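These are the residues of each chain, in order.
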Amino acid sequence: MAIGSLLIANRGEIAVRIVRAAQALGIRTVQAYSAADADSLAVRMADDGVLIGPPPAAKSYLDIGAIIAAAKEKGVDAIHPGYGFLAENADFAEAVADAGMIFVGPDADAIRLLGDKVAAREVARKAGVPTVPGSEGRVAGLDEARALVEEIGFPVMIKAAAGGGGRGIRIVQDFEAFEKQFPQAASEARAAFGDGGLYVEKVIGNARHIEVQILGDGENVIHCFERECSLQRRRQKVWEEAPAFGLSPSVRKALTESAVALAKSVRYRGAGTVEYLYDADAQAFYFIEVNTRIQVEHPVTEMITGIDLVAEMIRIAGGEKLSIAQEDVRIKGHAIECRINAEDPARNFLPSPGQVSGLSVPNGDGIRFDTMLYDGYVVPPFYDSLLGKMIVHGPDRASAIWRMEEVLGALAIGGIKTTVPLHLAIAANPDVIAGAFHTKYLENWLAGAPLSETATETENVR
Amino acid sequence: MSKVEIKAPMPGVFYRKPSPESPPFKADGDDVAAGDVVALIEVMKSFHEVAALEPGKSIRFLLEDADAVMAGQVIAEMEG
């Protein structure tokens, strides 16, 4: 069934992006909004809007019942979840389908399967995708663990099976430390989580984060090459590029083909991303996880391939086959995206909601600003701090960085603090220009407070 | 007896508990010492503690957990 009308169950810049893509396809758009977003750009642009609840996300953008009720009231054919909120919630996808509407994304079973870390790793392994060397599930005891470590080599991570979010992890460098720490980790895990089960995994040092964009229609799967997203702060990507620099043609081929193999093995339908750790020294990549939705950083892929990923995922959801063949997907030039947040980088990224004034956005060839901002818009305090994404395209990486610096210098967002100064500093950083960074680089660099006002003062005192 | 008000220092979402599974920082009727944390405010996905600036007796919250709050809005009252 072709989609004639679409409810957008999200907000901010991605809601604007989806409204635009849907309208270009001739689809009637209905923007779901919380009471805090009644004046949002997406609501203004959409053909219709529907209030789904009060400002806190738990009572609006995360309220499955309210969203389904709004969609039924407006009689839409489909719901687009965007990213974040309910985008990877299998229960939501199921509720949409049960209500007789189309969920723009893979079905609930695929979301559930790929959203489970252990199950997804198993899917990857079966599809021949390299996973981080380590135990398949829990290690039975010290003897088994020792044998495993002899095989995979140090350094290794001892992880509590019941841990999560970085808790219950120890990194050990040699056998002496391993023999001592393993039993300690087991009793600590038993005390902390009521479960002494442990995993052992190799530590991939100085790894980069590289991910492959995939599109599938349930039968066919193609990739749209990869993105480099190693510059992160608190596990949030800050600066993204496409393609990844420094990949040999054979590594790129193996990487992208592995993502396609994984997606094909589950008959993937929709847009998705397979994330990897990349060890540049060993030229080896390892599966991390699959994201079953459109990603924030999808525009860099669109800029280098010319493919409209959001339009493509809506078409696929409407029952169409992929409109692009793999051999037609080619890399042209280099693209970079900077996530511009309402945070003060000089004051430890303190959130800065409030009214925007004096907005001035540069435009021209190879410049794209995906945003929900308009002059006079009041950035609400209730949601994430993303204001927009500045995306530039150039013939090569060096010219893209140079263009980003120029464009950010010309971008004016008044009234609130933004992370533009951070991005200007990144664009001028010699290690970034040289491509010499990994996933911990940005936090290590920021620990030296390169943007802090107090840092300059301290230097002056000295 | 005078009334002591505790105001939200910033806009966001108001929480009475440090985490969803935890008991509230203060129950209605509790006494509060200066510096006691009484609430959290979530601003753009980051959490900020709200502490009482002065002591008071028998605190009474004026908002429900997870309500939206404006900067300067009174979140609780106590007897001074």
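Residues numbered from 1 in each chain as written. Chains lettered and ligands numbered in written order. Predicted model: local features only at pLDDT ≥ 70, side-chain atom pairs only at ≥ 80, totals over all residues. Heavy atoms only, no water.

### Some points on the pairing of strand β12 (residues 269–279) of chain A
Across a regular strand the side chains alternate sides, sitting on one face of the sheet and then on the other.
Residue and element names in this part refer to chain A.
At step 1: Of all the 11 residues making up β12, nine are buried; the element is thus mostly covered by neighbouring parts of the structure.
At step 2: As paired elements, strand β9 (residues 208–217) and β12 share 10 bridges and run antiparallel to each other. Counted as the bridge partner of glutamate 211 is glutamate 275 from β12.
At step 3: Pairing geometry for β12 and strand β13 (residues 284–291), over seven bridges, is antiparallel. Residue pairing for β13: tyrosine 278 is matched across the bridge by phenylalanine 285. (Buried < 20%, exposed > 50% of the residue type's maximum accessible area, 1.4 Å probe, protein only. Helix = DSSP H or I, 4+ residues; strand = E, 2+ residues; numbered from the N terminus. Pairing = 2+ DSSP bridges.)

### A short note on the interface of chain B and chain A
At step 1: Every contact between the two is made by 14 residues of chain B and, on the other side, 15 residues of chain A.
At step 2: Between chain B and chain A, roughly 970 Å² of surface is buried when both sides are summed, and carbon and sulfur atoms account for 75% of that area.
At step 3: Our count for the contact surface shared by chain B and chain A stands at one salt bridge.
At step 4: One salt bridge in this structure joins Lys59(A) and Asp67(B), with 3.2 Å as the shortest N-O distance.
At step 5: Between the two partners, chain B and chain A, sit three residue pairs in polar contact (both at pLDDT 80 or more).
At step 6: Secondary structure elements with two or more residues in the side of chain B that touches chain A: β2 (12–15), β3 (37–43), β4 (46–51) and β6 (67–69) of chain B.
At step 7: For the side of chain B that touches chain A, the element with the most residues is β6(B), which contributes three residues.
At step 8: Considered class by class, the residues forming the side of chain B that touches chain A number seven nonpolar, three polar and four charged. (Contact = heavy atoms within 4.5 Å. Buried area = accessible area lost by both parts, 1.4 Å probe. Salt bridge = Lys/Arg side-chain N within 4 Å of Asp/Glu carboxyl O. Polar contact = N/O pair within 3.5 Å; in protein donor to acceptor, adjacent residues only side chain to side chain. Nonpolar A, V, L, I, M, F, W, Y, C, P; charged D, E, K, R; others polar.)

### So, the domain arrangement of chain A
At step 1: Domains assigned within chain A are domain 1 (5–104), domain 2 (142–202) and domain 3 (208–453).
At step 2: Look at where the C-alpha atoms of domain 2 of chain A and domain 3 of chain A centre, and you get two points 34 Å apart. (Domains from an automatic or database assignment.)

### Some points on the sheet that holds strand β5 (residues 57–61) of chain B
All names here are of chain B.
At step 1: Across the sheet, three strands lie side by side as β1-β7-β5; this open sheet has antiparallel pairing. The sheet terminates laterally at β1 (3–7) and β5, the two strands that pair on one side only. The sheet shows a mean angle of 25° between the axes of neighbouring strands, taken without regard to direction.
At step 2: Examined bridge by bridge, β5 and strand β7 (residues 74–79) share three bridges and lie antiparallel to one another. Note that in β7 the partner of lysine 57 across the bridge is glutamate 79. (Axes fitted to C-alpha atoms, helices over the stretch in contact; angles between N-to-C directions.)

### Concerning the packing of aromatic side chains
Residues and elements named next belong to chain A.
At step 1: Applying the stated criterion across every chain yields a total of 13 aromatic pairs over all chains.
At step 2: Residues phenylalanine 178 and phenylalanine 182 carry aromatic rings whose centres are separated by 5.5 Å and whose planes lie at 35° to one another, so their mutual orientation is tilted. With phenylalanine 178 and phenylalanine 182 both in helix α8 (residues 175–193) and four residues apart, the pair spans about one turn of that helix.
At step 3: Judged by relative accessible area, phenylalanine 178 falls into the buried class, the value being 0%.
At step 4: For the pair phenylalanine 245 and phenylalanine 437, a centre-to-centre distance of 5.4 Å together with 70° between the ring planes defines the contact as edge-to-face. Here phenylalanine 437 lies in the loop between α14 (430–434) and α15 (441–447) and phenylalanine 245 lies in the loop between β11 (236–242) and α9 (249–265), a separation of 192 residues in the sequence.
At step 5: Owing to a relative accessible area of 13%, phenylalanine 245 belongs among the buried residues under this scheme. (Phe/Tyr/Trp six-rings, centres within 6.5 Å; stacked < 30°, edge-to-face > 60°.)

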